[in-house]
Amino acid sequence: MASTADIRNGVVLNMDGQLWAVTDFQHVKPGKGGAFVRTKLKNVVTGKTVDRTFNAGAKIETENVDRQDFQYLYADGDSYVFMDVSDFDQLTVSSVVVGDASNFLLENQNVTIALHNGNPLYVELPASVVLEITYTEPGLQGDRSTGGTKPATVETGYQIQVPLFLEQGTKVKVDTRTGDYLGRVN
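Thresholds applied
- Residues numbered from 1 in each chain as written.
- Predicted model: local features only at pLDDT ≥ 70, side-chain atom pairs only at ≥ 80, totals over all residues.
- Heavy atoms only, no water.
- Helix = DSSP H or I, 4+ residues; strand = E, 2+ residues; numbered from the N terminus.
- Rg over C-alpha atoms; globule rule 2.2 N^0.38 Å.
- Buried < 20%, exposed > 50% of the residue type's maximum accessible area, 1.4 Å probe, protein only.
- Contact = heavy atoms within 4.5 Å.
- Areas by Shrake-Rupley, 256 points an atom, 1.4 Å probe, with all protein chains shown as cover.
- Lys, Arg positive; Asp, Glu negative; His and termini not counted.
- Charge placed at Lys NZ, Arg CZ, Asp CG, Glu CD.
- UniProt positions renumbered as here; feature names shortened; annotations may be inferred.
- Salt bridge = Lys/Arg side-chain N within 4 Å of Asp/Glu carboxyl O.
- Pairing = 2+ DSSP bridges.
- Axes fitted to C-alpha atoms, helices over the stretch in contact; angles between N-to-C directions.

Scanning the chain from terminus to terminus reveals one helix and 17 strands. Here the C-alpha radius of gyration of the chain, 21 Å, is well above what a compact globule of 186 residues would show, namely 16 Å. In terms of its C-alpha atoms, the chain occupies a principal-axis envelope of roughly 70 × 45 × 25 Å. Across the 186 residues of the chain, 37% fall into the buried class. Put simply, of all contacts in the chain between residues at least 6 apart along the chain, 42% involve residues at least 24 apart. For the chain, the exposed surface amounts to about 11200 Å²; the carbon and sulfur share of it is 44%. Looking at the chain, you have 16 positive and 23 negative side-chain charges, and the mean spots of the two groups are 14 Å apart.

Structure below.
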């Protein structure tokens, strides 16, 4: 058991049998009444975000979550196989746990997997990845780089919006959190 003084960003709490990661916290001491801690919590499994207030000094239950580096090997049906880079053990993770990260996974890519008692909770990708455009409509005559966007399919099969001047075979940098186009890569 810990107290609210131990709340920091990234700490994982066990509330109502579910794991919640602290994404934001603020210690508030009003002029009248007792102090309290205002937190923003994200459910580790579902990704749902809630605001929760704790009285100062209240007891909370923290959980130990290990973040380890893995390398993505291949997809096997509806699961994904990763290799621990430290001891080369393989870990099979279900597609439910991988979630939207599967849109940006390339073979031999390094990722971070959060483990709780040996069970994978979620897959953390780098902030951006470099992907090759495998299909996009050709840009029309008169298109400018400041103009609109068009859909393009990248090598993982995910579809993103790119500027009109980009062509098939171009490598682009993509934000893994939002799926947005960030720029070309030479």
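It is worth spelling out the UniProt feature "domain: Translation elongation factor P/YeiP central" (unreviewed entry) in the chain at this point. Feature annotation in UniProt places "domain: Translation elongation factor P/YeiP central" (unreviewed entry) on residues 67-121, given in this structure's numbering. Secondary structure content for residues 67-121 is 7% helix and 56% strand, while the C-alpha to C-alpha distance between its ends is 10 Å.

The next point concerns the environment of Lys171. On the secondary structure map, Lys171 appears in strand 16 (residues 171-175). Judged by relative accessible area, Lys171 falls into the partly exposed class, the value being 37%. Taking the C-alpha atoms as reference points, Lys171 and Asn9, separated by 162 residues in sequence, lie 35 Å from one another. Once residues within four sequence positions are removed from consideration, Lys171 is found in contact with Val130, Leu131, Glu132, Arg184 and Val185.

A few words now on the pattern of salt bridges. Summed over the entire model, instances satisfying the criterion amount to three salt bridges. Among the salt bridges present, the one from Lys171 reaches Glu132, with a minimum N-O distance of 3.6 Å. Residue Lys171 is located in strand 16, and its partner Glu132 is located in strand 13 (residues 128-136); the two are separated by 39 residues in the primary sequence. Assessed through its relative accessible area of 30%, Glu132 is described here as partly exposed. The salt bridge partner of Asp175 is Arg177, with a shortest N-O separation of 3.4 Å. According to the relative accessible area criterion, Arg177 is exposed, its value standing at 64%.

On to the sheet that holds strand 8 (residues 66-76). In spatial order, the strands read 10-9-8-11-12; together these five strands make up an open sheet with antiparallel pairing. Looking at strand neighbours, the two that pair on one side only are strand 10 (90-94) and strand 12 (119-124), the edges of this open sheet. Each strand axis lies, on average, 45° off the axis of its neighbour in the sheet, ignoring direction.

With four bridges joining them, strand 2 (residues 12-15) and strand 3 (residues 18-28) adopt antiparallel strand pairing. Paired with Leu13 across the strands is Trp20, a residue of strand 3. Once strand 2 ends, the chain turns through two residues before running back antiparallel as strand 3, passing Asp16 with a positive phi of about 55°. In this sheet, strand 7 (residues 62-63) lies alongside strand 2 in antiparallel orientation, the contact comprising two bridges. What sits directly across from Val12, in strand 7, is Glu63.

Judged from the eight bridges that link them, strand 3 and strand 4 (residues 36-43) form a sheet pairing that is antiparallel. Paired with His27 across the bridge in strand 4 is Val37.

Once that is clear, we can look at the environment of Thr153. Here Thr153 lies in strand 14 (residues 149-154). Taking the C-alpha atoms as reference points, Thr153 and Ile133, separated by 20 residues in sequence, lie 5.8 Å from one another. The contact partners of Thr153, leaving out residues within four places of it in the chain, are Glu132, Ile133, Thr134, Tyr135, Tyr158 and Gln159.

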